[in-house]
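# Coordinates in review
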Amino acid sequence: MLEDKVGSIEAGKFADFAVLDADPQTIPAIKIKDVAVHATVLGGKVIPVLETKKPRPLN
C-alpha cells in the first residue's frame, strides 16, 4: 500500500511539492499562470527556483 508512504505531508512520508506565493485553489483560474514558484522540495531536498533555471552541465 502506498497510503503509508505518500498522499499527505507527514513525518516519514515522501513529499515532493512546490512552494507557491498564492493558493491556486483560491484565485481565479485565469490568474494561476501568474502564481510564482519560490522553491521545490524534491526527495527531501529544497531546490530554490533560481537553481532550477540554471542550465545543466553536459556530461
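Throughout what follows, the structure given in this document is the object of discussion.

The rules behind each value
Residues numbered from 1 in each chain as written. Predicted model: local features only at pLDDT ≥ 70, side-chain atom pairs only at ≥ 80, totals over all residues. Heavy atoms only, no water. Helix = DSSP H or I, 4+ residues; strand = E, 2+ residues; numbered from the N terminus. Buried < 20%, exposed > 50% of the residue type's maximum accessible area, 1.4 Å probe, protein only. Contact = heavy atoms within 4.5 Å. Areas by Shrake-Rupley, 256 points an atom, 1.4 Å probe, with all protein chains shown as cover. Salt bridge = Lys/Arg side-chain N within 4 Å of Asp/Glu carboxyl O. Patch = residues over 30% accessible without salt bridge, like charges linked within 9 Å, V, L, I, M, F, W, Y side chains within 5 Å. Polar contact = N/O pair within 3.5 Å; in protein donor to acceptor, adjacent residues only side chain to side chain.

Across its full length, the protein chain holds one helix and three strands. Seen in sequence order, the protein chain has helices and strands lined up from the N terminus as β-β-β-α. The buried share of the protein chain, reckoned over its 59 residues, is 7%. A sequence separation of at least 24 residues applies to 12% of the contacts in the protein chain between residues at least 6 apart. A total accessible area of about 5300 Å² is found for the protein chain, and carbon and sulfur atoms account for 62% of it.

Now for the pattern of salt bridges. Enumeration according to the criterion identifies one salt bridge in this entry. Of the charged contacts in the structure, one is a salt bridge between Lys33 and Asp34, with a shortest N-O distance of 3.4 Å. According to the relative accessible area criterion, Lys33 is exposed, its value standing at 65%.

Time to look at a nonpolar patch on the surface. Judged by side-chain polarity, Leu2, Val6 and Phe14 come together as a nonpolar surface patch covering roughly 320 Å² of accessible area. Inspection of the secondary structure assignment puts Val6 in the segment before strand E1 (17-20). According to the relative accessible area criterion, Val6 is partly exposed, its value standing at 35%.

So, on to the environment of Ile9. Inspection of the secondary structure assignment puts Ile9 in the segment before E1. Residues within four places of Ile9 in sequence aside, it is in contact with Ala15 and Phe17.

So, about the environment of Asp23. With respect to the helices and strands, the residue Asp23 is situated in the loop between E1 and strand E2 (37-42). In this structure Asp23 comes out as partly exposed when scored by relative accessible area, which is 38%. For the pair Asp23 and Val35, spaced twelve residues apart in sequence, the C-alpha separation works out to 8.2 Å. A polar side-chain atom of Asp23 sits 2.9 Å from the main-chain amide nitrogen of Gln25.

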